[in-house]
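Chain and residue survey
What follows is the residue order along each chain.
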Amino acid sequence: MIHGTAISIGGHAVLIMGESGSGKSDLALRLIDRGAILIGDDVVFLKTRDNTPIITVAPNIAGKIEVRGVGIFDVDFIASAPLRLVVEFVDAPDRLPEDIAHTIIGDYVVPVSKLNPFEQSSAIKVEYALRAVLDRGVRPEFVSANAVKESLPS
């Protein structure tokens, strides 16, 4: 189980990570308005299929998204998609990152884009970050639990 919101763009899952109230659902709504499809809001699951990380919907909240200050609404959704990008929130992203950064989700090293969720262009930036990952052929890579433990600071 992962605390995050996930959408699908062109059949590729983008996992939006952040603290409660940080703007995950807000960014997802803007992406949905641009053509993305919800996988799950607030809680999703990570599964493995054919050595690929798959983001799946939590059945009890399938098709529901929180619109802060307004309520919970039904939206179109898909049950799962292969994970290709993680979005993490930062106040001041690097102006020109040197290369595609990575983070660890479950047993996978996954490309990550660090964005400010409330910039007007943040939804478009997510689309460009996903395009960069796809154009470069970067895919999540399986890592052993021991390798993950060894990479963590003591």
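As the structure is a prediction and not an experimental result, all values here were calculated from the model.

Enumeration according to the criterion identifies one aromatic pair in this entry. With 5.9 Å between their ring centres and 75 degrees between their planes, Tyr108 and Phe142 make a pair best called edge-to-face. Placement of the pair is Tyr108 in strand 11 (residues 108-115) and Phe142 in strand 12 (residues 141-142), with a sequence separation of 34 residues. Assessed through its relative accessible area of 2%, Tyr108 is described here as buried.

Take the pairing of strand 11 next. Burial of strand 11 is extensive: six of the eight residues sit out of reach of the surface. As defined by bridge partners, strand 10 (residues 101-105) adjoins strand 11 across five bridges and the pair is classed as antiparallel. Along strand 11, the bridge assignment pairs His102 with Pro111. Linkage of strand 10 to strand 11, two consecutive antiparallel strands, is achieved through a turn of two residues, within which Gly106 is found at a positive phi near 60 degrees. Judged from the two bridges that link them, strand 11 and strand 12 form a sheet pairing that is antiparallel. For Val109, the partnering residue across the bridge sits in strand 12 and is Glu141.

This paragraph deals with the layout of surface pockets. Reported here for the largest pocket is a volume of approximately 650 Å³. Taken together, 22 residues form the lining of the largest pocket, with Asp94, Pro97, Asp99, Ser113 and Lys114 sitting closest to its centre. Contributions of two or more residues to the lining of the largest pocket are made by strand 11 and helix 2 (122-135). A per-element tally of the lining of the largest pocket places helix 2 first, with five residues. When its residues are assigned to classes, the lining of the largest pocket shows 14 nonpolar, one polar and seven charged. Its volume calculated, the second largest pocket comes out at about 360 Å³. Lining of the second largest pocket is provided by 20 residues; of these, Ser25, Asp26, Asp41, Glu66 and Arg68 occupy positions nearest its centre. Counting only elements with at least two residues in the lining of the second largest pocket, the list comes to helix 1 (24-33) and strand 7 (64-67). For the lining of the second largest pocket, the residue count by class is six nonpolar, seven polar and seven charged.

Criteria and thresholds
Residues numbered from 1 in each chain as written. Predicted model: local features only at pLDDT ≥ 70, side-chain atom pairs only at ≥ 80, totals over all residues. Heavy atoms only, no water. Phe/Tyr/Trp six-rings, centres within 6.5 Å; stacked < 30°, edge-to-face > 60°. Helix = DSSP H or I, 4+ residues; strand = E, 2+ residues; numbered from the N terminus. Buried < 20%, exposed > 50% of the residue type's maximum accessible area, 1.4 Å probe, protein only. Pairing = 2+ DSSP bridges. 1 Å grid on protein atoms, 1.4 Å probe; cavity = no way out; pocket = protein on both sides within 12 Å on 5 of 7 lines; lining within 4 Å. Points joined across faces, edges and corners; volume = space filled by probe spheres on them. Nonpolar A, V, L, I, M, F, W, Y, C, P; charged D, E, K, R; others polar.

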